[in-house]
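The residues making up each chain are set out below.
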Amino acid sequence: MFSGNWLNDQKKIGLGLTGGGILFTILGMLLLFDRGFIALGNLMFLAGLSITIGLHSTITFFLRKKNRKGSAFYLGGCCVVVYGWPMIGLIIEAYGFFLLFCEFFPTVLQFLRRVPFLNKTLDLPIFKKIFNHLQKMGGLPRTQSDAEFGVGRR
């Protein structure tokens, strides 16, 4: 079905851990911001990311000059969750996650538009209105510096 060996066992485990981390974080939010589930979700997400793309690539990604602010907010939010303030920590993490991965959002949105069920969902008027509004403002930010300064897609 797929050509090549791009999805080996190590990447399957990493993607499973990443997905499990997202699931545990969502479960922690549904269970009234349970810090244990959220902290476990953060740990699983970071471990899954490290296993999927490699430890060196993960460290390089988080320590890149343009990603330092997002990394500080994301990892700081993880610490705030462990400290005992999960709601505030998740808000800080979400901002850091946005700064870190804002370059990938347009690609993810295009991919989601090709998924059969999500395609119909994203064609609902409310989502079209949001996406059209974003497009009028210049679209989603392409880089972290665009996100920081409020500049949209050119």
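In what follows, the structure referred to is the one given above.
To start, this report covers the structure provided alongside it. None of these values were measured; they are calculated from a predicted model.

Within the protein chain, the secondary structure is distributed over 9 helices and 0 strands. Counting from the amino terminus, the protein chain carries its helices and strands in the arrangement α-α-α-α-α-α-α-α-α. Within the protein chain, contacts between residues separated by at least 24 positions form 52% of all contacts whose residues are at least 6 apart in sequence. Of the roughly 10400 Å² of accessible surface on the protein chain, 70% is carried by carbon and sulfur atoms.

Mapping Gly16 onto the fold places it in helix α1 (residues 9-30). A C-alpha to C-alpha distance of 9.4 Å links Gly16 and Thr52, two positions 36 residues apart in sequence.

One pass over the structure, following the stated rule, counts 9 aromatic pairs. Ring pairs connect the aromatic residues Phe45, Phe61, Phe62, Tyr74, Phe97, Phe101 and Phe104, which therefore count as one cluster.

Let us now look at the side chain of Thr52. As for its position among the elements, Thr52 is in helix α2 (residues 35-53). A polar contact of 3.3 Å, which involves the side chain of Thr52, links it to the backbone nitrogen of Leu15. Those residues in contact with Thr52 that lie beyond four places of it in its chain are Lys11, Gly14, Leu15 and Thr18.

On to the nonpolar core, then. Counting residues in each nonpolar core, the largest one holds 8 residues, listed as Phe45, Leu49, Phe61, Phe62, Tyr74, Cys78, Leu100 and Phe101. For this core, the secondary structure elements donating two or more residues are α2, α3 (55-63), α4 (68-83) and α5 (86-101).

What follows concerns the packing of α2 against α4. Put simply, α2 and α4 touch, their axes get as near as 9 Å, and they point 150 degrees apart. You can see that α2 and α4 cross each other, and the crossing is left-handed. Contacts between α2 and α4 pair Arg35, Ile38, Ala39, Asn42, Phe45 and Leu46 from the former with Tyr74, Leu75, Cys78, Val81, Val82 and Tyr83 from the latter. In terms of residue class, the contact of α2 with α4 is made up of 10 nonpolar, 1 polar and 1 charged.

The terminal C-alpha atoms of α1 lie 31 Å apart, and with 22 residues this matches the ideal 32 Å at 1.5 Å per residue to within 8%. Those residues of α1 that fall on the buried side of the exposure criterion are Gly14, Thr18, Gly20, Gly21, Thr25 and Gly28. Projection of α1 onto a plane perpendicular to its axis shows the buried side chains occupying an angular sector of 165 degrees, all on one side. Along α1, the residues that are exposed and aim more than 90 degrees away from the buried face are Asp9, Leu23 and Leu30. Along its buried surface, α1 packs onto α2 and α5. In the segment just after α1, Leu32 is the residue with positive phi, at about 60 degrees.

Time to look at the environment of Gly19. Mapped onto the elements of the fold, Gly19 is located in helix α1. We classify Gly19 as partly exposed; its relative accessible area is 36%. Here the alpha-carbon distance between Gly19 and Met44, two residues 25 residues apart in the chain, equals 8.4 Å.

Below, the discussion takes up a nonpolar patch on the surface. The grouping of Ile22, Ile26, Met29 and Leu30 at the surface amounts to a nonpolar patch, some 380 Å² of accessible area in total. Mapped onto the fold, Met29 is located in helix α1.

Parameters and conventions
Residues numbered from 1 in each chain as written. Predicted model: local features only at pLDDT ≥ 70, side-chain atom pairs only at ≥ 80, totals over all residues. Heavy atoms only, no water. Helix = DSSP H or I, 4+ residues; strand = E, 2+ residues; numbered from the N terminus. Contact = heavy atoms within 4.5 Å. Areas by Shrake-Rupley, 256 points an atom, 1.4 Å probe, with all protein chains shown as cover. Phe/Tyr/Trp six-rings, centres within 6.5 Å; stacked < 30°, edge-to-face > 60°. Polar contact = N/O pair within 3.5 Å; in protein donor to acceptor, adjacent residues only side chain to side chain. Core = buried A, V, L, I, M, F, W, Y, C linked by side-chain atoms within 4.5 Å. Buried < 20%, exposed > 50% of the residue type's maximum accessible area, 1.4 Å probe, protein only. Axes fitted to C-alpha atoms, helices over the stretch in contact; angles between N-to-C directions. Left-handed = near helix turned anticlockwise from the far one by under 90°. Nonpolar A, V, L, I, M, F, W, Y, C, P; charged D, E, K, R; others polar. Expected span 1.5 Å × (residues − 1). Arc of directions from axis to C-beta. Patch = residues over 30% accessible without salt bridge, like charges linked within 9 Å, V, L, I, M, F, W, Y side chains within 5 Å. Salt bridge = Lys/Arg side-chain N within 4 Å of Asp/Glu carboxyl O.

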